[in-house]
Amino acid sequence: MLNRLKSILRSSIRWHPVILAALTSAAFTPSPAAAGDAGPVGIVAQVPAQGHSDLYIANRAPLVPSRLIKLPIGSITPRGWLRRQLELEAQGMTGRLEEISPWCRFEGSAWTDPNGKGHSGWEEMPYWLKGYGDLGYVLKDEKIIREARRWIEAILATQTADGWFGPRDLRTSLDGKPDLWPHMPVLNVLQSYYEQSGDARVLPFMANYFRWELNRPDKDFLTGYWPPVRGGDNLESVYWLYNRTGEKWLLKVAEKVHRHTANWTAGVANWHGVNITQGFREPAVFFLQAGDKEKFLDAAERNYQAVMGLYGQVPGGGFGADENCRPGFGDPRQGFETCSIVEFMHSFELLTRISGEPRWSDRCEELAFNTLPAALTADWKALHYLTSPNMIQLDKDNKSPGIQNGGTMISYSPFEVYRCCQHNVSHGWPYFAEELWLATADRGLCASLYSASEVTAKVADGQQVTISEETDYPCAEKIKLRVATAKLVRFPLYLRVPGWCEEPSISDVVKLPGGTYSFGGICLVPLAPRPAYFVLNRQWSDGDTIELQLPMRLAVRTWKKNHDSVSVDYGPLTFSLAIGERFQRYGKQQGDWTEEEVFPTSPWNYGLVLKPGDAAASFELVRKPGPLAEQPFTADASPLQLRASARRIPAWRSDAKGLVGKLQDSPVRSEEPLEKITLIPMGCARLRITAFPTIGAGPDAHDRSTPTTVAIASHCFANDTVEALNDGILPKNSADQSVPRFTWWDHRGTTEWVEYDYPQPKPISSTEVYWFDDTGKGACRVPKSWRLLYKDGDAWKPVAASDPFGVERDRFNRVQFAPVKTTAVRLEAELQHSVSGGILEWRMN
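So, here is what we can say about the structure in this document. (Residues numbered from 1 in each chain as written. Predicted model: local features only at pLDDT ≥ 70, side-chain atom pairs only at ≥ 80, totals over all residues. Heavy atoms only, no water.)

Looking only at helices and strands, the protein has 18 helices and 31 strands in total. Here the protein has a C-alpha radius of gyration of 30 Å; the compact-globule value for 845 residues is 28 Å, and the two agree. The principal-axis extents of the C-alpha atoms in the protein amount to approximately 100 × 70 × 55 Å. When the 845 residues of the protein are sorted by exposure, 59% land in the buried category. Put simply, 73% of the contacts in the protein that link residues at least 6 apart link residues at least 24 apart. Carbon and sulfur atoms make up 50% of the accessible area of the protein, which amounts to about 31000 Å² in all. Across the protein, the centroid of the 93 positively charged side chains sits 3 Å from that of the 99 negatively charged ones. (Helix = DSSP H or I, 4+ residues; strand = E, 2+ residues; numbered from the N terminus. Rg over C-alpha atoms; globule rule 2.2 N^0.38 Å. Buried < 20%, exposed > 50% of the residue type's maximum accessible area, 1.4 Å probe, protein only. Contact = heavy atoms within 4.5 Å. Areas by Shrake-Rupley, 256 points an atom, 1.4 Å probe, with all protein chains shown as cover. Lys, Arg positive; Asp, Glu negative; His and termini not counted. Charge placed at Lys NZ, Arg CZ, Asp CG, Glu CD.)

This is how it looks when you write it as C-alpha cells:
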C-alpha cells in the first residue's frame, strides 16, 4: 500500500520538492497500530470491525462486534443549511404540533394518565415525540427539551407492576391481545432521552417492559397486522438495552421477537410502503445475534433490491407505494408516503452502522436531498401525504384509484388529514444530524453523512478532539475538515466516498521540520471500489486540516423498466423541470396554519433532446453566484440550474383526475419547436417532472398514443375508475384488491351499465368480462344477469349472442355473437338484490 502511494505521489502529481521528499522517504511510514490499521492513507470498502472500542457503548458479546458506533446525542452540532432545516422544523409543525394536533394534547392523553386512560392512545403522539425530543437535543433547545421531558416523565409514571406501560386499552385491543406497535416508537423516545440525559430510571423501565414481553404466551405476542411486520423496531431496542446492561435474558427476548416478526428473511413479507421501509431491515438487525451474514445481513439488501426492482425504477430514492405497492403502479407519478421517506432514511442509517458499508449512506442522502424537502412547504408549516418524482398539480381532490387512497393526498396541510405523516416526519432531519459522524471500532471517527457541522468525540486512548466541517455539500464539492486537539493524538479518520464520485481526492496540511506545507491531489481512485471510505490513519496535531474533494459530474440515468425514461444527476442531486408554482389557500385556517394547493403556471409536458452518444453533454450547469441560501430547498433559492433542449409532447396530458399522464415508451416523436428549458434540484421543486421521456425522430421513435376508446358508465364509485375496464392489468381472481377496478358501488339491486365509445365504426363479434366479487370482504357480487347492446344509428340494439351471458367468478366470461360494426357498445347489468357489482376487465373483440 505504501509503495503504491509513493508511486502515485512520484508519477501523478507535481509536488514541492521538500514535500515530495518527505512523503516518499523511508521516514514516512505508519507507526505500529492496532489490527486493521490501513496505514497513513488508504481506502476500504467497509469499516473494519477489528479492535474493540470501549470509548462508547458498542455491541456486547456475543453480539457481532460493532463497526460503526453512534455517538452520544449532543456530540454533533449541525451547521449551515441542515441547522436551518432543524430550526424551521422547531418553528414549524414539529415544534408546535401541540397547537394543532388533537393527538398531542397532554391533558387527558392515555399516554400521560397514570392509569393509562384517556384519548389518543395509539401511534400518533409516539411518532411525534420520537423526533420532537431529538430535535431539542440536537439544537440544544431548552424549551423543546423541557416539553419533551414533561411527556416522558408522564410516560415513566404509567408503568404497572408487571412491566406494561402506557394506554391500558392497548393490552386487549387486538381481539383480546395486546397491540405492541405503538410502544416501539416510545422505546426509541426513551433511548434518545437516556443518551441525552443519563436518567437512571430508563434502563429498569425498559427492562421491566421486556420482561413483560418475555412472559407473554407465544399465541398473544406480536399479533395483529402492524406489530409483526414492524417487530424489527422492537428488536433493535432490545439490543440497545442489552448493550447497556449485559443481562443475558434479553437475548431470549430478542430471539422471541425475531421468531414472531414477519419473515423478512425469506423475502418481502408485506407490500405496504411504510412496512417495507421499516421491516426490510429486520434480518440485518437479528444478524447481530445470529451472526449468519448471507442469511440475515444480506437479506436486507435482497429485500431492498426486490422492492426497488419492481417499484423503485424512478429517481429520488423512493418507490411507488401510495399506501401499498400495487402491480401495474410503478410509474413515477406514484407516490411515496412521507412516513416512508423518514423511515427509509432511518433504516439506511441503522444499516450503515450494522454493516460498516457506505452504500446505505449514499441511499440515505439520495432521499434526504431529493425527496424529503418537497414533502413539506419551505417554512415547515404543512406537508402532504405523498411525494412523487412526477407531480404537476398538488390539489385537494380525490385521485383514487390512480393513487390508492381516496380523498386529499397531495395538497399541503398541517392538519389531521395526514394523521400519521403529520407526526412521524419529526425524526427525519434530527436523526440525520445525529448520524453525520460515527465512532469506529478502531477508536477513530467516520464522516458518514456530509453537512456543515462540528463533532466533539473521544478517540485513541480517550483523548477528546473536535473536528469542524465546512461545506455547502450537496451543492458544492469541497469539504474542509479542521482538527482541534489539546495534544498530539493518533487515530484513523474515515471519509465516505459516494458511489457517484469517480475522481475523489484529498489535500492535507502537514507539519514538517522547517515549516508548514500544504499539498493536494492524492487521488486513490485506481485502488478504490465505490462507494468506499478514505482512511487517514495518522498522528494529528491541533490545526491540521483536510480538504476532501468530491468532484460532481453530470450523469443521465436511463430507467429501462420504466419506458426508457431518463433522469439527470449532478453528484448526489437529481434535477427536475422548473415548473412555475402558484400556491392557493383552501380549507381550514388556524392562526398562521393554512392549507394550500399548488398549480402549474408553465408547461410541463416536455421530452428531452439528448446528444447521441453523450447524453450528459446535453446539459449546461449554471451555478447561482453568492452564498448558499439558508433554506436552499425552494425553486427561487435553487443554487444550481441546468439548461437543456426539449420539445413538448402535446398528447402527454393529465388524466381525468389531474394526475400527470403515465409515461409511454421513449424515444417519443414530436414535431413541436425546440425550446430551452431549466431544471432545478429535485428537492427544490414542489411541482416536478423528474423522469423525462426522450425525443427521437428515427425508426425507433414512438408516437405517444391517446386512448381511442372512451369508457363511460351509469355510475362509478369515487375511489374506482372506468379506466380499469380496459387497462390491460389482469386480476388473479375476482376478489383481487391489488389491481384497479370499476364498481357501481354504492348502487345496490339496480340496473347499471358501462359503455365503450369508438371514434370510428369498429367491427366486433365477441366480448369477455371479468367480474369483481368481494364476497367475505365487501358488498359487491357478480350480477344477477347481463346483456350486451350495440349502437345502430341512435338506437341501442341487443347483439345476437350464440353463448350464454356468464356470471362465473375468477375467470373471463366470453360471449360470441353475430358480427356488427358500431360506434358504441354497452354492457347492461342487473345487480343482485341489496348488493352492488363491478368489473375488473372488459374486452371487446
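Taken together, the 6 bridges between strand 16 (residues 554–559) and strand 17 (residues 565–570) define a ladder with antiparallel strand orientation. Following the sheet pairing, leucine 554 is matched in strand 17 by tyrosine 570. Taking the residues between adjacent antiparallel strands as the criterion, strand 16 and strand 17 are bridged by 5 residues, where histidine 563 takes a positive phi near 65 degrees. (Pairing = 2+ DSSP bridges.)

The next thing to look at is unusual backbone geometry. For the bond from serine 400 to proline 401, the omega torsion is 5 degrees, close enough to zero to count as cis. In this fold, proline 401 is placed in the loop between strand 5 (386–387) and helix 17 (419–424). Note that the residue after tryptophan 745, namely aspartate 746, is joined by a cis bond; omega there is 10 degrees. Looking at where aspartate 746 falls in the secondary structure, it is placed in the loop between strand 26 (742–743) and strand 27 (751–772). Non-glycine residue serine 120 carries a positive phi angle of around 60 degrees. Here serine 120 is to be found in the loop between helix 4 (93–96) and helix 5 (124–139).

So, about the nonpolar core. Leu129, Phe210, Phe319, Phe432, Trp437 and Leu495 are the most contacted members of the largest nonpolar core, which has 194 residues in total. With 9 residues, the top contributor of residues to this core is helix 5. Setting aside residues up to four positions removed in sequence, phenylalanine 319 forms contacts with Gly273, Ile276, Thr277, Val307, Met308, Tyr311, Gly312, Cys325, Gly335, Phe336 and Phe344. Core analysis: the next-biggest nonpolar cluster, separate from the first, contains 25 residues, Val754, Val820, Ala829 and Met844 among them. (Core = buried A, V, L, I, M, F, W, Y, C linked by side-chain atoms within 4.5 Å.)

On to helix 13 (residues 282–290), then. With 7 of its 9 residues buried, helix 13 lies for the most part within the structure. Of all the residues in helix 13, the buried ones are Glu282, Pro283, Ala284, Val285, Phe286, Phe287 and Leu288. Residues of helix 13 that are buried make contact with helix 10 (231–245), helix 11 (249–260), helix 12 (273–279), helix 14 (293–311) and helix 15 (338–355). Positive phi shows up at glycine 291, right after helix 13, with a value of about 75 degrees.

Turning our eyes to something else, we now look at the packing of aromatic side chains. In the structure shown here, the tally under the stated rule is 40 aromatic pairs. Measuring from centroid to centroid gives 5.0 Å for phenylalanine 165 and phenylalanine 205, while their planes differ by 50 degrees, and the two rings are tilted. Placement of phenylalanine 165 in the loop between helix 6 (142–156) and helix 7 (183–197) and of phenylalanine 205 in helix 8 (residues 202–215) is noted, with a sequence separation of 40 residues between them. The pair phenylalanine 165 / phenylalanine 205 is uniform in exposure class, with both members buried. (Phe/Tyr/Trp six-rings, centres within 6.5 Å; stacked < 30°, edge-to-face > 60°.)

Further remarks concern the packing of helix 10 against helix 13. Their axes nearest at 9 Å, the elements helix 10 and helix 13 cross at an angle of 30 degrees. Overall, the two elements helix 10 and helix 13 adopt an arrangement that is roughly parallel. Note that helix 10 runs across helix 13; the crossing there is left-handed. Every residue of helix 13 that contacts helix 10 at Gly232, Leu235, Glu236 and Tyr239 is listed here: Glu282, Val285, Phe286, Leu288 and Gln289. The residue inventory of the contact of helix 10 with helix 13, partitioned by class, reads 5 nonpolar, 2 polar and 2 charged. (Axes fitted to C-alpha atoms, helices over the stretch in contact; angles between N-to-C directions. Parallel < 35°, antiparallel > 145°, perpendicular 65-115°, else oblique. Left-handed = near helix turned anticlockwise from the far one by under 90°. Nonpolar A, V, L, I, M, F, W, Y, C, P; charged D, E, K, R; others polar.)

Here we take up helix 14. Over its 19 residues, helix 14 extends 26 Å from the first C-alpha to the last, a length consistent with the 27 Å expected when each residue adds 1.5 Å. Largest kink in helix 14: about 45 degrees, centred on alanine 299. Among the residues of helix 14, Phe296, Leu297, Ala299, Ala300, Glu301, Asn303, Tyr304, Val307, Met308, Gly309 and Tyr311 are the ones counted as buried. On its buried side, helix 14 packs onto helix 11, helix 12, helix 13, helix 15 and helix 16 (359–370). Between a side-chain oxygen at the N-terminus of helix 14 and the backbone nitrogen of glutamate 294 the separation is 3.4 Å; the capping residue is aspartate 292. (Expected span 1.5 Å × (residues − 1). Bend = angle between axes of the 7 residues up to and from the residue. Polar contact = N/O pair within 3.5 Å; in protein donor to acceptor, adjacent residues only side chain to side chain.)

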